[in-house]
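The primary structure of each chain is shown beneath.
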Amino acid sequence: MSAAGRPGGPGAPDLLSEFWAPLCAVGSHDASGRLNAQICVSVFGASIVPERPRLLVVLSRTTFTHDLIARSGTLAVTLLAEEQLELLEPLGLRSGRDGEKLAGLAVGTTQQGDPLFPGGVGYLACEVLESAGLGDSTAYLVAVRGRERLGEGGERRLPMRWADARTRVGAGFLERWAERSAGEQQAARRAMIWR
């Protein structure tokens, strides 16, 4: 183990970060039509049956998006493209509880009314099948009810990965991200299932 407590030596990313999914925007809505979305790194395939596509989406229980999904039973997952770096600040550092965090952003909606981000690689419209409490977070098993790869003229966009994005966002953003993460981690430590 390195001096920093992470296997791999100084400057090497933590091995656990290799298990993070590409950066996604996960969003939902409420009965009044209010939209909210957040950055999520825990979206994983959960089916090998082609005609029954499912995902596992894990969200902190402290987020406004979590509350909207719990009430609506639906969500949209936008697989963010490398070019969508500007979404990291509003979706990753702001809370929908403090105001309309999607104001001024290019946002579309699924047929269910959940927000999606048109510049992404694509989006998935999902319905919650089951949820499991993890103490600090909830794992949603969702059915993919609709999907679309975005892009014009056959253009293939590449997914955004945190390891790459963090090299492009600047020191100020990383400081605010670390500060927000520290607060979230403190709350998670108190609530998470752990032995």
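Residues numbered from 1 in each chain as written. Predicted model: local features only at pLDDT ≥ 70, side-chain atom pairs only at ≥ 80, totals over all residues. Heavy atoms only, no water.

Points about the packing of aromatic side chains
So, step 1. Taken as a whole and assessed by the stated rule, the structure comprises two aromatic pairs.
So, step 2. When the centroid spacing of 4.8 Å and the interplanar angle of 25 degrees are considered together, the rings of Trp162 and Trp177 count as stacked. With Trp162 in helix α3 (residues 162-165) and Trp177 in helix α4 (residues 171-191), this pair connects stretches of sequence that are 15 residues apart.
So, step 3. In textbook terms, an aromatic cluster arises when at least three aromatic residues are bridged by ring pairs, as seen for Trp162, Phe173 and Trp177. (Phe/Tyr/Trp six-rings, centres within 6.5 Å; stacked < 30°, edge-to-face > 60°. Helix = DSSP H or I, 4+ residues; strand = E, 2+ residues; numbered from the N terminus.)

Topic: the pattern of salt bridges
So, step 1. Under the criterion given, the structure shown has five salt bridges.
So, step 2. With a shortest N-O distance of 3.1 Å, Glu100 and Arg34 are connected by a salt bridge. With Glu100 in the loop between α2 (88-93) and β6 (108-109) and Arg34 in the loop between β1 (24-29) and β2 (35-40), the pair connects residues that are 66 residues apart, well separated along the chain.
So, step 3. Under the relative-accessibility criterion, Arg34 is labelled partly exposed at 24%.
So, step 4. Across the pair Arg97 and Asp67 runs a salt bridge whose closest N-O atoms are separated by 2.4 Å. Residue Arg97 is located in the loop between α2 and β6, and its partner Asp67 is located in helix α1 (residues 64-72); the two are separated by 30 residues in the primary sequence.
So, step 5. Arg97 sits in the partly exposed class, given a relative accessible area of 44%. (Salt bridge = Lys/Arg side-chain N within 4 Å of Asp/Glu carboxyl O. Buried < 20%, exposed > 50% of the residue type's maximum accessible area, 1.4 Å probe, protein only.)

Observations regarding the layout of surface pockets
So, step 1. When its volume is computed, the second largest pocket comes out at roughly 290 Å³.
So, step 2. If you list the elements that add at least two residues to the lining of the second largest pocket, you get β3 (43-45), β4 (54-60), β5 (74-79), β8 (122-133) and β9 (137-149).
So, step 3. Among the elements that make up the lining of the second largest pocket, the one with the highest residue count is β9 (four residues).
So, step 4. Broken down by class, the residue content of the lining of the second largest pocket amounts to 13 nonpolar, two polar and four charged. (1 Å grid on protein atoms, 1.4 Å probe; cavity = no way out; pocket = protein on both sides within 12 Å on 5 of 7 lines; lining within 4 Å. Points joined across faces, edges and corners; volume = space filled by probe spheres on them. Nonpolar A, V, L, I, M, F, W, Y, C, P; charged D, E, K, R; others polar.)

A closer look at the side chain of Ser28
So, step 1. Tracing the chain through its elements places Ser28 in strand β1.
So, step 2. Looking at Ser28, the relative accessible area reads 0%, which means it is buried.
So, step 3. Among the polar contacts listed, one links the side chain of Ser28 to the side chain of Asp114, at a separation of 3.5 Å.
So, step 4. Among residues more than four places away in sequence, those in contact with Ser28 are Arg34, Leu35, Asn36, Thr65, Leu68, Ile69, Ser72, Thr74, Asp114 and Pro115. (Polar contact = N/O pair within 3.5 Å; in protein donor to acceptor, adjacent residues only side chain to side chain. Contact = heavy atoms within 4.5 Å.)

Details of the pairing of β5
So, step 1. The element β5 is largely enclosed, with a buried count of five among its six residues.
So, step 2. The sheet contact formed by β1 and β5 spans four bridges and is antiparallel. Paired with Ala25 across the strands is Thr78, a residue of β5.
So, step 3. Two strands pair when backbone bridges link them, and β5 and β8 are joined in this way by six bridges, in the antiparallel orientation. In the strand pairing of β8, Leu79 is matched with Gly122. (Pairing = 2+ DSSP bridges.)

Digging into the sheet that holds β5
So, step 1. Pairing in this open sheet of seven strands is antiparallel, and the strands run β2-β1-β5-β8-β9-β4-β3 from one edge to the other. With one partner strand each, in any of the chains shown, β2 and β3 form the two edges of the open sheet. Between one strand axis and the next, the sheet turns through 30 degrees on average, direction left out of account.
So, step 2. Set on the sheet, α1 makes contact with β1, β2, β4, β5, β8 and β9; between it and β1 the angle comes to about 50 degrees. (Axes fitted to C-alpha atoms, helices over the stretch in contact; angles between N-to-C directions.)

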